[in-house]
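# Report on the structure
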Amino acid sequence: DGGITQSPKYLFRKEGQNVTLSCEQNLNHDAMYWYRQDPGQGLRLIYYSQIVNDFQKGDIAEGYSVSREKKESFPLTVTSAQKNPTAFYLCASTPRRAGGIGELFFGEGSRLTVL
Amino acid sequence: DQQVKQNSPSLSVQEGRISILNCDYTNSMFDYFLWYKKYPAEGPTFLISISSIKDKNEDGRFTVFLNKSAKHLSLHIVPSQPGDSAVYFCAASAQGAQKLVFGQGTRLTINP
């Protein structure tokens, strides 16, 4: 079945450690996104990529890094520079459209807890 | 700067009645609006959208209304069902933009 797979679903890490969250899609979508959800703050955009080997910072990119070496994959690394990394992370994708973004398709999310 | 605002963090509605969720935006360049539904520990799922050339769009029990002059949109759910209990996010994008801006979400609880 086509969809977006995020792993792991739950992740615990010690403070100061880098962690990488995986996002894979088999929808043949060009554009991929990482959002972060915190209680009462909605979904905030971390990074997005419209094409392989290219990505742009979102609204809260500090302390995060991404890569887009393959169309299907868009991993997110939460570095030790991220001051408050405990959150629910959501990956999404969408076909690229000339007129602007359409519907985003989301994965199931990854909950990161930093101890 | 919160460009998309959902001012009600929570809403409680009796089963069978109408649920009305509201969303305001500040960016006049937004021309496409979407509503998503999210259950705990899951990703959001798309519900319904509306383009700025329309003022209403219906899909089954869900209707979205857009008031461009007031920069306001609302989602109506009729009749409300227990499975509608979830967090609802509105989102917006501008012409040619490649990202969505989300509101803070409203937690809807449907009481039996």
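Scroll up for the structure.
Residues numbered from 1 in each chain as written. Chains lettered and ligands numbered in written order. Predicted model: local features only at pLDDT ≥ 70, side-chain atom pairs only at ≥ 80, totals over all residues. Heavy atoms only, no water.

### Comments concerning the sheet that holds strand β8 (residues 76-78) of chain A
Residue and element names in this part refer to chain A. Using the following cut-off: Here, strands pair whenever DSSP counts at least two bridges between them. Secondary structure is summarised from DSSP: a helix means a run of H or I of at least four residues, a strand means a run of E of at least two, and numbering begins at the N terminus for each. In this analysis an axis means a line fitted to C-alpha atoms, helices contributing only their contacting stretch, and an angle means the value between N-to-C directions, from 0 to 180 degrees.
Taken in spatial order, the 4 strands of this open sheet run β1-β3-β8-β7, and their pairing is antiparallel. Each end of this open sheet is capped by a strand with a single partner; those strands are β1 (4-7) and β7 (64-66). Within this sheet the neighbouring strands show an average axis-to-axis angle of 20 degrees, counted without direction. Where strand β3 (residues 19-25) and β8 come together, 3 bridges link them in antiparallel fashion. Bridging across to β8, Val19 finds its partner in Val78.

### Examining the pairing of strand β11 (residues 110-114) of chain A
All names here are of chain A. Relative to β11, strand β2 (residues 10-13) runs parallel, the two sharing 4 bridges. Looking at β11, one finds that Phe12 is bridged to Thr113. Judged from the 3 bridges that link them, strand β9 (residues 87-94) and β11 form a sheet pairing that is antiparallel. The residue bridging Tyr89 from the neighbouring strand is Ser110, located in β11.

### Quick notes on the state of the cysteines
Between two cysteines, a covalent bond joining their sulfur atoms is known as a disulfide. What counts is decided by this rule: Cysteine sulfur pairs qualify as disulfides if the two atoms are within 2.5 Å. Three exposure classes are used, based on accessible area relative to the maximum for each residue type with a 1.4 Å probe and protein chains only: buried under 20%, partly exposed in between, and exposed over 50%.
Tallied over the entire structure, the rule returns 2 disulfides over all chains. A disulfide bridge connects Cys23(A) with Cys91(A), and the sulfur atoms are separated by 1.9 Å. Disulfide Cys23(A)-Cys91(A): the torsion about the S-S bond is -75 degrees, which places it as left-handed. Residue Cys23(A) is located in strand β3, and its partner Cys91(A) is located in strand β9; the two are separated by 68 residues in the primary sequence. When its relative accessible area of 1% is taken as the criterion, Cys23(A) is described as buried. The disulfide partner of Cys23(B) is Cys90(B), and the gap between their sulfur atoms is 1.9 Å. Its S-S torsion of about 65 degrees marks the bond between Cys23(B) and Cys90(B) as right-handed, since a negative value means left-handed. Here Cys23(B) is found in strand β3 (residues 19-25), whereas its partner Cys90(B) is found in strand β9 (residues 86-94), with 67 residues between them in sequence.

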